[in-house]
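# Breakdown of the fold
Read off the chains here:
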Amino acid sequence: MEIVKNIPGGVAAAKGFKAAGVYCGVKRAGYPTNTVTAASILANENIQREHKPDLALIVSEVPCTAAAVFTRNLVKGAPIVVCKDHLAKSKIRAIIANSGNANTCNFDGVEKAEAMCAAAAEALGINAEEVLVASTGVIGQILPIEPIQDGIPYLVKNLAADGTKAAEAIMTTDTVCKQYAVQVTIGGQTVTIGAMTKGSGMIHPNMATMLAFVTTDCAISSEMLDKALRSVVGDSFNMLSVDGDTSTNDTLAIIASGLAGNDEIAAEGEDFDIFVAALLDVCVYLTRMMAKDGEGATKLIECAVKGGATVADAKTVAKSVICSPLLKSAMFGCDANWGRVLCAIGYSGANTDVTKIDVTFRSAGGEVTVCQNGAGVPFSEEIAKEVLSADEVIVDVTLRDGDAAATAWGCDLTYDYVKINGDYRT
């Protein structure tokens with residue numbers, strides 16, 4: 001199986017999909033005001049250039065099979081309530097999403113989320129139940145619906161086979177736009193999977209990620225699409241942590257137009273396995289992007305564990321290591337304080353013999369083994385500093401308890417993380 005990676009288009013790369021993004025004034029920038037209306041914002045080229053988009057729309061030309069997973073936080077954004085309802089009732093034609101306001105913990109949240117769906121549906125000439133909705137941003141502030149309603153017709157007029165503006169529109173504290181697309185051959189037909197994500201802080205998924213929207217032209221049943229999505233979440237987004245906080249609005253949705261022309265995947269088999277492999281490639285790529293773009297981060301940290309007694313143990317160890325505030329701080333300071341790796345493994349709850357653990361740090365700057373059989377070994381601090389100075393650092397952990405392996409992704413903990421979150425709302 002060959003996967004053609006990073007083709008153009010992002011979330012709009014697959015057949016039948018288009019996307020758009022616009023700044024309509026949801027994000028706080030002094031708009032709208034009594035003299036500056038949402039309509040004037042949309043028409044003002046200078047304002048559009050000055051501000052990143054804050055409203056995104058993804059549209060399929062045909063009804064799509066769909067699947068989604070959501071946050072397990074007991075406090076859930078209103079859009080999640082609406083999405084679950086729509087997924088149970090209908091195939092999906094569109095996704096509308098805003099940044100700058102999470103529409104969470106509001107008395108009128110569900111009403112506003114439904115209003116977003118209704119406005120998108122009216123502009124597209126479809127039913128409101130064919131629309132999924134998502135919001136991200138500050139929790140507990142009333143969502144201004146008027147700018148969104150005014151912005152949706154603009155989005156519809158500017159739909160294009162390029163997902164960049166849409167991907168930019170869901171960014172909050174993200175510093176880079178996160179999108180990716182691949183192609184793979186299934187049943188003799190070229191199948192495309194495209195996606196966009198946002199996520200930089202408040203990231204510790206227990207289902208999926210902050211906001212992630214995946215599109216594909218693969219013909220696949222809703223049941224198998226759901227099975228595929230859930231099979232890759234555990235090895236991608238659920239192995240990601242920036243700060244240990246699980247968001248209230250985490251949403252990972254995938255919609256499939258079926259326009260690739262392959263025989264519908266309705267059961268497990270070779271075609272399903274190929275689709276899952278390609279979907280996993282997309283999800284891991286975006287997981288790494290989010291880890292590297294963690295709030296205030298200067299480097300991506302990857303913990304690669306092998307020799308676990310079980311996959312669950314290997315995952316527990318990997319996630320514990322990249323979640324450790326002490327290790328994250330050491331990585332920021334380029335300090336090869338390997339004892340923090342052992343410490344994180346020790347309290348992880350994994351079933352492992354700590355007297356058999358090896359630890360090696362490696363990167364583009366080289367590699368250095370710092371621990372063997374649970375004890376420190378002599379190493380060069382100068383080489384270690386060079387290894388840890390790279391912008392991507394891998395922590396290799398060997399357990400020697402079995403054959404299971406797992407990988408987790410995170411980032412370093414810096415002064416800027418506190419600065420960003422110290423005044424995020426104000």
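Along each chain, the written sequence defines residue order, and numbers are assigned to residues from 1. Given that this is a predicted model, residues contribute local features only at a pLDDT of at least 70 and side-chain atom pairs are listed and counted only at 80 or more, while totals for whole chains, interfaces and linings are drawn from all residues. As a convention, hydrogens and water are excluded, and side-chain values are obtained from all of the structure's heavy atoms.

Across its full length, the protein chain carries 13 helices and 15 strands. Only C-alpha atoms enter the radius of gyration, while the globule expectation follows 2.2 Å times N to the 0.38, with N the number of residues. Computed over C-alpha atoms, the radius of gyration of the protein chain comes to 22 Å, within 12% of the 22 Å expected from 2.2 N^0.38 for 426 residues, which places it in the range of a compact globule. The dimensions of the protein chain, computed from C-alpha atoms along their principal axes, are 65 × 50 × 35 Å. Only protein chains enter the accessibility calculation, which uses a 1.4 Å probe; a residue whose area is less than 20% of its type maximum is buried, one above 50% is exposed, and one in between is partly exposed. Residues classed as buried in the protein chain amount to 55% of the 426 residues present. Partitioning the contacts of the protein chain with sequence separation of at least 6, the portion at a separation of at least 24 is 82%. Reported accessibility uses the Shrake-Rupley method at a 1.4 Å probe radius. Residues are deemed covered only where the shown protein chains occlude them. Total accessible area computed for the protein chain in this model is approximately 16,800 Å², and 50% of it derives from carbon and sulfur atoms. Think of it this way: Lys and Arg go in the positive column, Asp and Glu in the negative one, and His and the chain ends go nowhere. Every charge is mapped to an atom, namely NZ of Lys, CZ of Arg, CG of Asp or CD of Glu. Taking the average place of the 34 positive charges on the side chains of the protein chain and the average place of its 50 negative ones, the gap between the two points comes to 3 Å. Think of it this way: any DSSP run of H or I at least four residues long counts as a helix, any run of E at least two long counts as a strand, and we number them from the N terminus. Note on contacts: a residue pair qualifies if any of its non-hydrogen atoms lie within 4.5 Å across the two residues.

Through backbone hydrogen bonds, the strands of a sheet pair up, either in parallel or in antiparallel fashion. At least two bridges found by DSSP between two strands is the condition for calling them paired. Taken in spatial order, the six strands line up as β13-β12-β11-β14-β10-β15 in an open sheet, and their pairing is mixed. What marks the edges here is a single partner per strand, and that holds for β13 (375-376) and β15 (404-411). Pairing between strand β10 (residues 300-308) and strand β14 (residues 392-398): seven bridges, direction parallel. Of the residues in β14, the one forming a bridge with Leu 300 is Glu 392.

The subject of this paragraph is the packing of helix α7 (residues 222-233) against helix α8 (residues 270-292). In this analysis an axis means a line fitted to C-alpha atoms, helices contributing only their contacting stretch, and an angle means the value between N-to-C directions, from 0 to 180 degrees. Orientation of α7 relative to α8, taken along the N-to-C sense of each, is 45 degrees, at an axis distance of 9 Å. As summarised for this structure, α7 and α8 are arranged oblique, according to the angle between their axes. For the pair α7 and α8, the sense of crossing is right-handed. In this structure, α7 contributes Met 224, Leu 225, Lys 227, Ala 228, Leu 229, Ser 231 and Val 232 to the contact, and α8 contributes Phe 272, Phe 275, Val 276, Leu 279, Leu 280 and Cys 283. Each residue is assigned to one class: nonpolar for Ala, Val, Leu, Ile, Met, Phe, Trp, Tyr, Cys and Pro, charged for Asp, Glu, Lys and Arg, and polar for all the others, Gly among them. When the residues that make up the contact of α7 with α8 are grouped by side-chain class, the tally is eleven nonpolar, one polar and one charged. Roughly parallel covers angles under 35 degrees, roughly antiparallel covers those over 145, roughly perpendicular covers 65 to 115, and oblique covers all other angles. Note on convention: the crossing is left-handed when the near helix lies turned anticlockwise from the far helix by less than a right angle, right-handed when the turn is clockwise.

So, on to unusual backbone geometry. Phi at Asn 6 takes a positive value of approximately 55 degrees, unusual for a residue other than glycine. With respect to the helices and strands, the residue Asn 6 is situated in the loop between β1 (4-5) and β2 (17-22). Owing to a relative accessible area of 46%, Asn 6 belongs among the partly exposed residues under this scheme.

Time to look at the packing of aromatic side chains. Here the aromatic set is Phe, Tyr and Trp, taking the six-membered ring for Trp, and pairing holds for ring centres within 6.5 Å; pairs whose planes are under 30 degrees apart are stacked, those over 60 apart are edge-to-face, and all others are tilted. Evaluation of the coordinates by the stated rule reveals two aromatic pairs. Aromatic side chains Tyr 180 and Tyr 285 sit 3.7 Å apart centroid to centroid with 5 degrees between the ring planes, which places their arrangement in the stacked category. Linking Tyr 180 in strand β6 (residues 178-186) with Tyr 285 in helix α8, this pair joins segments that are 105 residues apart in sequence. On the basis of relative accessible area, Tyr 180 is assigned to the buried category, the value being 3%. You can call Tyr 285 partly exposed: its relative accessible area is 33%. Relative to Tyr 415, the ring of Phe 332 has its centre 5.2 Å away and its plane inclined at 90 degrees; by these criteria the two rings are edge-to-face.

Counting 76 residues, the largest nonpolar core has Phe 275, Leu 279, Val 321, Val 341, Val 359, Phe 361 and Val 397 as the members making the most contacts within it. The element that contributes the greatest number of residues to this core is α8, accounting for 13 residues. Excluding its chain neighbours within four sequence positions, the residues that come into contact with Phe 275 are Ile 186, Ile 193, Thr 216, Cys 218, Ile 220, Leu 225, Ala 228, Ile 254 and Ile 265. In these notes, a set of buried Ala, Val, Leu, Ile, Met, Phe, Trp, Tyr and Cys residues joined through side-chain atoms within 4.5 Å is what counts as a nonpolar core.

For the rest of this paragraph, the subject is α7. A helix's residues, less one, multiplied by 1.5 Å, set its expected span. Along its twelve residues, α7 runs 17 Å from first to last C-alpha, staying within 8% of the 16 Å computed at 1.5 Å per residue. Packing partners of the buried residues in α7 comprise β3 (55-70), β9 (251-256) and α8.

Bringing the pattern of salt bridges into the picture now. We count a salt bridge whenever a side-chain nitrogen from Lys or Arg sits within 4 Å of a carboxyl oxygen from Asp or Glu. Going through the model one piece at a time under the given rule, you end up with 18 salt bridges. Of the charged contacts, one joins Lys 5 and Asp 281 as a salt bridge, the two residues approaching to 3.0 Å between their closest N and O atoms. Within this pair, whereas Lys 5 is found in strand β1, its partner Asp 281 is found in helix α8, the two being separated by 276 residues in sequence. Among the residues examined, Asp 281 registers a relative accessible area of 16% and is labelled buried. Measuring nitrogen to oxygen at the nearest pair gives 2.7 Å for the salt bridge that ties Asp 174 to Lys 178. Note on accessibility: Asp 174 and Lys 178 belong to one class, buried. Among the ionic contacts, a cluster of salt bridges with common partners joins Arg 288, Lys 292, Glu 302, Asp 391 and Glu 392.

The relative placement of two packed helices is expressed as an angle between their axes plus a distance between the axes. The interhelical angle for the contact between helix α3 (residues 78-89) and helix α4 (residues 109-124), taken along N-to-C directions, is 55 degrees, at an axis separation of 8 Å. Comparing the axis directions of α3 and α4 gives the class oblique. Crossing angle aside, the handedness with which α3 passes α4 is right-handed. Packed against α3, whose contacting residues are Ala 78, Pro 79, Val 81, Val 82, Asp 85 and His 86, the element α4 presents Gly 109, Val 110, Ala 113, Glu 114 and Cys 117 at the interface.

Our next topic: the pairing of strand β7 (residues 189-198). Burial within β7 is extensive, with eight of its ten residues counted as buried. Relative to β7, β6 runs antiparallel, the two sharing nine bridges. Bridge assignment links Val 182 to a residue of β7, and that residue is Ile 193. What sits between the antiparallel neighbours β6 and β7 is a turn of two residues, in which Gly 187 has the positive phi angle 60 degrees. Strand direction decides the pairing type here: β7 and strand β8 (residues 211-216), joined by six bridges, are antiparallel. Following the sheet pairing, Thr 197 is matched in β8 by Ala 212.

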